[in-house]
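# Observations on the model geometry
Chain by chain, the residues:
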Amino acid sequence: MKQQLEQLVLAALNNLPGGLLPEAPSPAAIVVERTRDTQHGDFATNVALRLAKAARRKPRELAEAIVAALPVNPLVARTEVAGAGFINFFLTTNAYAQELATVHELGERYGRSNLGQGQRVMLEYVSANPTGPLHVGHGRQAAYGATLANLLGAVGFDVAREYYINDAGRQMDILAVSTWLRYLEICGEELPFPANGYRGDYVRPLAQKLHTKLGEKLRRPATAVLANLPVDAPEGDKEAYIDALMKRARELIGADGFREVLELSLAEMLTGIQADLAEFGVVFDRWYSERALSDSGAIDRALARLEAQGRLYRQEGALWFRATEFGDEKDRVVVRENGQKTYFASDIAYHLEKRELGFERLIDVLGADHHGYIARVRAGLIAMGEPGDCLEVNLIQFVSLFRGGEKIAMGKREAQFVTLRQLREEVGNDACRFFYLMRSHDQPLDFDLELAKSRTNENPVYYIQYAHARVASVMKQLAARELSFDRAEGLTSTELLVGSQEQAVLNSLARYPEALEQSAVNRAPHTLVHYLRELANALHTYYNAEQFIVGDAKLRNARLALVLGVQQVLRNGLTLLGVSAPESM
RNA sequence: GCGCCCGUAGCUCAGUUGGAUAGAGCGCCUGGCUACGAACCAGGAGGUCGGGAGUUCGAAUCUCUCCGGGCGCGCCA
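Residues numbered from 1 in each chain as written. Chains lettered and ligands numbered in written order. Predicted model: local features only at pLDDT ≥ 70, side-chain atom pairs only at ≥ 80, totals over all residues. Heavy atoms only, no water.

### Some remarks on the environment of Leu483
- Counting through the fold element by element, Leu483 comes out in the loop between α17 (461–480) and α18 (487–491).
- Between the C-alpha atom of Leu483 and that of Ile549, which follows or precedes it by 66 residues, the distance is 9.1 Å.
- For Leu483, the residues in contact, after removing those within four places along its chain, are Leu478, Ile549 and Arg556. (Helix = DSSP H or I, 4+ residues; strand = E, 2+ residues; numbered from the N terminus. Contact = heavy atoms within 4.5 Å.)

See below:
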């Protein structure tokens, strides 16, 4: 609808008497918007205000000229010039009737578009380290990323969903040694647990699995493990301590034994994460391993590319990338003095590889604490000859959990933190995803468990679902009265839908494609949430004002066609959000 | 200190590339079930859009500055 009006305005501008406009109007300059107030019609444009100065005319005068030049169109009932020089469009009831027919015709495809024109987008989200279970913060990233992927797909982008597994580096060694120590405990050895180890209870099942698989094969006496180790925190250095412990582990069980522990731990953690996300309705097209990236030589290739461009230099034994030349605040180490490549090196290699795979746009969904990372990865891409603006990073602000107004404390390596799984089990997937998505992602989120669980009117979760179920309930009632819905008659009787609630519902319904597009373009799932709430509100209001199942068959079918259209759009929207659309509740 | 995000009703938050009288939910007050589900609806009270300056036909929105809050600034990942 909006697009058609923009075309109309463009045609009018081209029809204007010669010399009124200094230059030919560009389609981009024409903006038609939904009005905020129905008194101003359905749509309005401010072109006259924008072009008044260039045309050397008063805005209202120019507006009048534009209105006079507007071609006749069956969608538009009338136009008016209002306010400072706005042009308001009042649509015909037929325009809305056609839109309702489109909803019925397209069904679950209604609202989709080809805005993205098949552009290939790689969307990376969650990518939590496989060293612990997903927590509530990852949950927000998962809900956001999964929904954004749905939104982009719905408006015509070719989206690949990816999870990057940070399975390389020291953290994996720490996980392995943590598992081994718990394994030794199961074997009956008594030893202290390192301050810098992964202390969470989730490590014990890994150790149990190891024990079941290998028996006592990797058991070593505690005295041998602990002999001549430096002092652990708090008195000593926890980093030095755990490094010594990892070295000791390799000595005692060998590189092969250590690798076995590591692989089992990693596999178990990943399986858990994958199951967790799958149950949450969050899926990926590819789980990509940092080690695979390294093994493929991609990191060396990326570094060679930087070297060839003269972007690397050596200082104090390390190899540095001149990131400052590309907008970063400081240069970055890519190869450490000890010869190990940094996380940053694999990161730029990874992003380069995404480009080499043919993705035009790279979107990373990251926690808010990663913002420092954007400039340096972008610098890396530019230095390697890629356009810096192909990378887009959406930062997800933190989640604070509350229980009845009481904030729940969360620590990173603490033994007690709330996992995504616990949260889902307590409040359910639907409430979980809804609460994660109802706020803008760049706003910190207060997640109240009691509110999410409550079945009262304080809880916004059920409002939209209830509207959907309500329509289903009406249809059941229809069947119970031994009546049936005649779609064809309903769609040809829409001229009977003249009540103010009916007009409001039709209007709200027709806004869905715009809301969806806006939600996708702005990377803002919460926009869709708010739209769906408004649509549900229109339905509830209508429901309370009018009886749908009435004696007059034409009116009955028209009303049912309308509410079924609402149900369809609610279902389409909820599906994109990953929230179920129940028939009853 | 530097960088990123943010500050809107008592609370939690929307507010589109700058548009017309700044909105919603909760809470509070009033009213609505012998009609398809009251997990609902209708109405009301409630605002210096953190403060100040600027840009212009027009600013919650853009710029500057100050105040307040969150996060980040490693040869960790």
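### Some words on the sheet that holds strand β9 (residues 318–321)
- The strand order across the open sheet built from three strands is β8-β9-β10, with neighbouring strands paired in antiparallel fashion. The open sheet has two free edges, formed respectively by β8 (312–315) and β10 (332–335), since each of these has just one partner strand. For this sheet, the mean angle separating the axes of adjacent strands, direction not counted, is 45°.
- Sheet topology note: the β9/β10 ladder contains three bridges and is antiparallel. (Pairing = 2+ DSSP bridges. Axes fitted to C-alpha atoms, helices over the stretch in contact; angles between N-to-C directions.)

### Digging into the protein's contact with RNA strand B
- By nearness alone, 63 residues border RNA strand B, and Val31, His371, Tyr463, Tyr466 and Glu546 come closest of all.
- When the atoms of RNA strand B within 4 Å of the protein are grouped by moiety, sugar and phosphate amount to 64% of the total.
- Interatomic distance of 3.3 Å between a side-chain N/O atom of Arg36 and a phosphate oxygen of RNA strand B.
- Taking Arg439, its side chain carries an N or O atom lying 2.7 Å from a sugar or linking oxygen of RNA strand B.
- Going through the elements one at a time, α2 (47–55), β4 (86–91), β9, α17 and α21 (525–545) are the ones with two or more residues in the surface near RNA strand B.
- Here the surface near RNA strand B is built from residues that sort into 22 nonpolar, 23 polar and 18 charged. (Near = heavy atom within 4 Å. Polar contact = N/O pair within 3.5 Å; in protein donor to acceptor, adjacent residues only side chain to side chain. Nonpolar A, V, L, I, M, F, W, Y, C, P; charged D, E, K, R; others polar.)

### Describing the sheet that holds β4
- Pairing within the open sheet is antiparallel, and its four strands lie in the order β1-β2-β4-β3. In this open sheet, the two strands that pair with only one neighbour each are β1 (32–34) and β3 (76–82). Neighbour-to-neighbour, the strand axes of the sheet open up by a mean angle of 25°, direction not taken into account.
- Of the strand pairs in this sheet, strand β2 (residues 43–45) and β4 are connected by three bridges, and their pairing is antiparallel. When the bridges of β4 are listed, Phe43 appears paired with Phe89.
- Helix-sheet contacts for helix α3 (residues 59–69) involve β3 and β4, and the interaxial angle to β3 is about 165°.

### Here we look at helix α20 (residues 512–521)
- Of all the positions in α20, only Tyr512, Glu514, Ala515, Leu516, Ser519 and Ala520 are classed as buried.
- Of the residues trailing α20, Arg523 is marked for its positive phi of about 55°. (Buried < 20%, exposed > 50% of the residue type's maximum accessible area, 1.4 Å probe, protein only.)

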